[in-house]
Amino acid sequence: MIEVLFIFVSTFLAAIIQTTTGFGFSIIIMALWPMMFSVLDSVWLSLFGSGIIISFITFKYFKYINFKIIILPLLLSLIGTLTGLTLLVNTSNDLARRWLGALMILLSIYMFFVEDRIKIPSHWWFGVLVGTLSGVMGGFLNIPGPPIVVYMSVATQDKREYISTLQFFFFSNYFLKITYLLIFTEVHSLDIQLGITVFFASVFGIILGTRLFNRLGTLRIKEFTYVMMLLSGIQFLVG
């Protein structure tokens, strides 16, 4: 019962954040779930929710997708995702948790203190770089968002183009990830049982997040996410 409640509340919160800001679902999930499950099981469970969220946003705003700016980052990210997934299935859970902790600490520090102080280039070569990095991070530790979000924030012209193009990027990587995991790993019965909870919590989060999308500023949501990343990263690294 505690597991179900934990999964439902965290998924619901993560779905709202993803729907209103365009990213954050995996950050919240990977900050919380490896406290109770293995990193690999956390990745598997997250797929029950991230798939429906990403698909919904992608198709809702499909006409706003800017394929021109995303195609190169996407192609390189697919290669990076395969690399990261190979690392994930061949790394012990303890080591994966420490890598996850270190990454979350570094990302939270960057987002708090550096992100707004440097000029991000919108050139194609930078898109290729962050696409590759995003793929590796998404495949290995299920956190693909931060690198590509940085690029998309300067490469897109408005909120709808930003969120639609970003979700298409995640959508493409999602199908590669789930195909790989179905081939090379096993789906545990626990994953399927809790996956139903993840699915419905994601639906409810989408409904509320969609209502908030045009009304809610993202600053405080982002700050909350960064604080959670930092605290969870410390716990994973030293725990």
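Remember, predicted model here, so these are calculated numbers, not experimental data.

Engineer: What's the story with unusual backbone geometry in this structure? I'm lost.
Structural biologist: Note: most residues except glycine have negative phi, and most peptide bonds are trans. Positive phi, close to 65 degrees, is recorded for Asn142, a residue that is not glycine. Looking at the element boundaries, Asn142 is found in the loop between helix 6 (124-141) and helix 7 (145-155).

Engineer: Where do I start with the packing of aromatic side chains in this structure?
Structural biologist: Evaluation of the coordinates by the stated rule reveals 14 aromatic pairs. Ring centres of Phe126 and Tyr151 lie 6.3 Å apart, and the angle between their planes is 50 degrees; this geometry places the pair in the tilted category. Linking Phe126 in helix 6 with Tyr151 in helix 7, this pair joins segments that are 25 residues apart in sequence. Using a relative accessible area of 13% as the deciding quantity, one classes Phe126 as buried. Exposure remark for Tyr151: the relative accessible area of 4% places this residue in the buried category. The interplanar angle of 70 degrees and the centroid separation of 5.0 Å between the aromatic rings of Phe171 and Phe175 together place this pair among those described as edge-to-face. With Phe171 and Phe175 both in helix 8 (residues 159-184) and 4 residues apart, this pair spans about one turn of that helix.

Engineer: Help me understand empty space enclosed by the protein, please; the structure alone is not making it clear to me.
Structural biologist: Rolled over the atoms, a probe as big as a water molecule pinpoints where empty space is left. Considering all chains together, one arrives at 4 cavities of 30 Å³ or more under this definition. For the largest cavity, the lining is made up of 23 residues, of which Ser26, Ile54, Pro144, Phe170 and Lys177 are closest to its centre. The set of elements that each furnish at least two residues to the lining of the largest cavity consists of helix 2 (25-32), helix 3 (39-60), helix 6 and helix 8.

Engineer: I'm lost on helix 8 in this one. Help?
Structural biologist: Given 3.6 residues per helical turn, the α-helix brings residues three or four places apart onto the same face. End to end, helix 8 covers 37 Å across 26 residues, agreeing with the expected 38 Å (1.5 Å per residue, within 8%). N-cap assignment for helix 8: the residue whose side-chain oxygen lies 3.1 Å from the backbone N of Arg160 is Asp158.

Engineer: So what exactly am I meant to see when it comes to a positive patch on the surface here?
Structural biologist: A surface patch of positive charge is lined by Lys60, Lys63, Lys159 and Arg160. Checked against the element boundaries, Lys159 lands in helix 8. Overall, the relative accessible area of 40% leaves Lys159 in the partly exposed class.

The rules we used
Residues numbered from 1 in each chain as written. Predicted model: local features only at pLDDT ≥ 70, side-chain atom pairs only at ≥ 80, totals over all residues. Heavy atoms only, no water. Helix = DSSP H or I, 4+ residues; strand = E, 2+ residues; numbered from the N terminus. Phe/Tyr/Trp six-rings, centres within 6.5 Å; stacked < 30°, edge-to-face > 60°. Buried < 20%, exposed > 50% of the residue type's maximum accessible area, 1.4 Å probe, protein only. 1 Å grid on protein atoms, 1.4 Å probe; cavity = no way out; pocket = protein on both sides within 12 Å on 5 of 7 lines; lining within 4 Å. Points joined across faces, edges and corners; volume = space filled by probe spheres on them. Expected span 1.5 Å × (residues − 1). Polar contact = N/O pair within 3.5 Å; in protein donor to acceptor, adjacent residues only side chain to side chain. Patch = residues over 30% accessible without salt bridge, like charges linked within 9 Å, V, L, I, M, F, W, Y side chains within 5 Å. Areas by Shrake-Rupley, 256 points an atom, 1.4 Å probe, with all protein chains shown as cover. Salt bridge = Lys/Arg side-chain N within 4 Å of Asp/Glu carboxyl O. Lys, Arg positive; Asp, Glu negative; His and termini not counted. Charge placed at Lys NZ, Arg CZ, Asp CG, Glu CD.

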